[in-house]
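# Results of the structural survey
Chain by chain, the residues run as shown.
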Amino acid sequence: MVVTRPFPTPRLDQVDPFLLLDRMGPVAHGPGEAKGAPDHPHRGFETVTYVLDGAIEHADSQGNHGRIGAGDVQWMTAGSGVIHSEMPAEEIRRSGGRLHGFQLWVNLPRRDKMMKPRYQELRAAEIPRATSGDGTVTVTVIAGESLGTHATIDTRTPIMVLHIRLAAGTHFEQPIPETYNAFAYLVSGEVSFGDRPARENDAVIFERNGDTVAMTSAPGAELLLIGGAPLNEPVARYGPFVMNTPGEIRQAMLDYQSGKFGEIG
Ligand code: MN
């Protein structure tokens, strides 16, 4: 998988409560080239998968299986533990095809780390979308609120995930709760946040000193604007397990090795 990873990096461990952002592609695979992530576990956080092009097939130890296509979102709360596989759709693996998507890892607060796993899956047509009065701004509201439109996804802690499309020559101001940590990721085009310009694949982390992110785009732009209330809890992470203490990580490994996460049926 061709992945761009703004964080974690050696310089930026997390944007509390967000643990990781991956951009997969965009890439055009040839026949037999597309690789995915076969069976692997998660505990203690949530994975949010947002496909923009192509399709991903998933199956997991909770008995869920299905397909996430262009514009669809899967919000998986791993909680106490799941094993799942995430693979490019069979026809893309076989015959080749385009793939483009994002995966965001959202940390769970201590009280929810061992909750029962939960899935929320929304088809593109089910995700609320808002458009500004003059039609220059369109926002897909995956989590949180924009332009008076509320998301239908239920989050464990206050979180906003917006996919914003700006027409050329647009100025837009998005309110963000003052307590949130927030960042933007440029999917395409160019945009300026105040005097800070950003281009494709730039991640811009905002300081918590205002309640509005103002953006101006001369050529037009497409970006993710992601924010959330920080957990301010200790983070112990080891690969697919994210807990509060090293002891809880050891327990996760033991539980996984002894089969307590179940298996993909
Ligand atoms: Mn996974």
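Predicted model, so just to flag it, every value in this text is computed and none were measured.

### So, the overall build of the protein
In terms of helices and strands, the protein carries two helices and 23 strands. Here the C-alpha atoms of the protein give a radius of gyration of 18 Å, agreeing with the 18 Å that 2.2 N^0.38 yields for 265 residues. Counting only C-alpha atoms, the protein reaches 55 × 45 × 35 Å along its principal axes. Counting over 265 residues, the protein shows a buried share of 53%.

### Some details on the nonpolar core
One finds I164, L166, F193, M215, L223 and L225 to be the most contacted residues of the largest nonpolar core, which totals 25 residues. It is strand β17 (residues 181–193) that contributes the most residues to this core, five residues altogether. Contact partners of I164, with chain neighbours within four places excluded, come to V137, T138, V139, F172, M215, A221, E222, L223 and L225. Ranked by size, the runner-up nonpolar core spans 23 residues in total, among them L21, I127, V187 and L224.

### Details of the packing of aromatic side chains
Summed over the entire model, instances satisfying the criterion amount to eight aromatic pairs. Both rings, one in F7 and one in F183, keep their centres 5.3 Å apart while their planes meet at 90°; by these two values the pair is edge-to-face. You can see F7 sitting in strand β1 (residues 3–7) and its partner F183 sitting in strand β17, a full 176 residues away along the chain. What makes F7 buried here is its relative accessible area of 1%. Taking the relative accessible area as the measure of exposure, F183 reaches 0% and is therefore buried. Judged by centre distance (5.6 Å) and plane angle (65°), the ring pair of Y256 and F261 falls under edge-to-face. A residue is classified by how much of its surface remains accessible, and F261, at 4% relative accessible area, is buried.

### Things to note about the coordination of the manganese ion
Distances from the manganese ion to its protein donors, namely H40 (NE2), H42 (NE2), H84 (NE2) and E86 (OE), fall within the range 2.1 to 2.3 Å. Positions of the donor residues of the manganese ion along the chain correspond to the pattern H-x1-H-x41-H-x1-E. Each member of the pair H84 and E86 is classed as buried.

### Quick word on the domain arrangement of the protein
Taken domain by domain, the protein consists of domain 1 (3–124 + 236–257) and domain 2 (127–228). The straight-line distance from the C-alpha centre of domain 1 to that of domain 2 is 23 Å. Taken residue by residue, the interface counts 30 residues in domain 1 and 26 residues in domain 2. Interface area, domain 1 with domain 2, both sides summed: about 2,300 Å², of which 70% is carbon and sulfur. By the criterion of area lost to domain 2, the three top residues of domain 1 are R23, Y50 and W75, representing 22% of everything that side buries. The interface formed by domain 1 and domain 2 includes three salt bridges. The salt bridge involving D112 is made with R156; its shortest N-O contact spans 3.1 Å. In this structure, the connection of domain 1 to domain 2 is made through ten residue pairs in polar contact (both at pLDDT 80 or more).

Quick notes on the rules
- Residues numbered from 1 in each chain as written.
- Predicted model: local features only at pLDDT ≥ 70, side-chain atom pairs only at ≥ 80, totals over all residues.
- Heavy atoms only, no water.
- Helix = DSSP H or I, 4+ residues; strand = E, 2+ residues; numbered from the N terminus.
- Rg over C-alpha atoms; globule rule 2.2 N^0.38 Å.
- Buried < 20%, exposed > 50% of the residue type's maximum accessible area, 1.4 Å probe, protein only.
- Core = buried A, V, L, I, M, F, W, Y, C linked by side-chain atoms within 4.5 Å.
- Contact = heavy atoms within 4.5 Å.
- Phe/Tyr/Trp six-rings, centres within 6.5 Å; stacked < 30°, edge-to-face > 60°.
- Donors = N, O, S within 2.8 Å, 3.2 Å for Na, K, Ca; no water.
- Domains from an automatic or database assignment.
- Buried area = accessible area lost by both parts, 1.4 Å probe.
- Salt bridge = Lys/Arg side-chain N within 4 Å of Asp/Glu carboxyl O.
- Polar contact = N/O pair within 3.5 Å; in protein donor to acceptor, adjacent residues only side chain to side chain.

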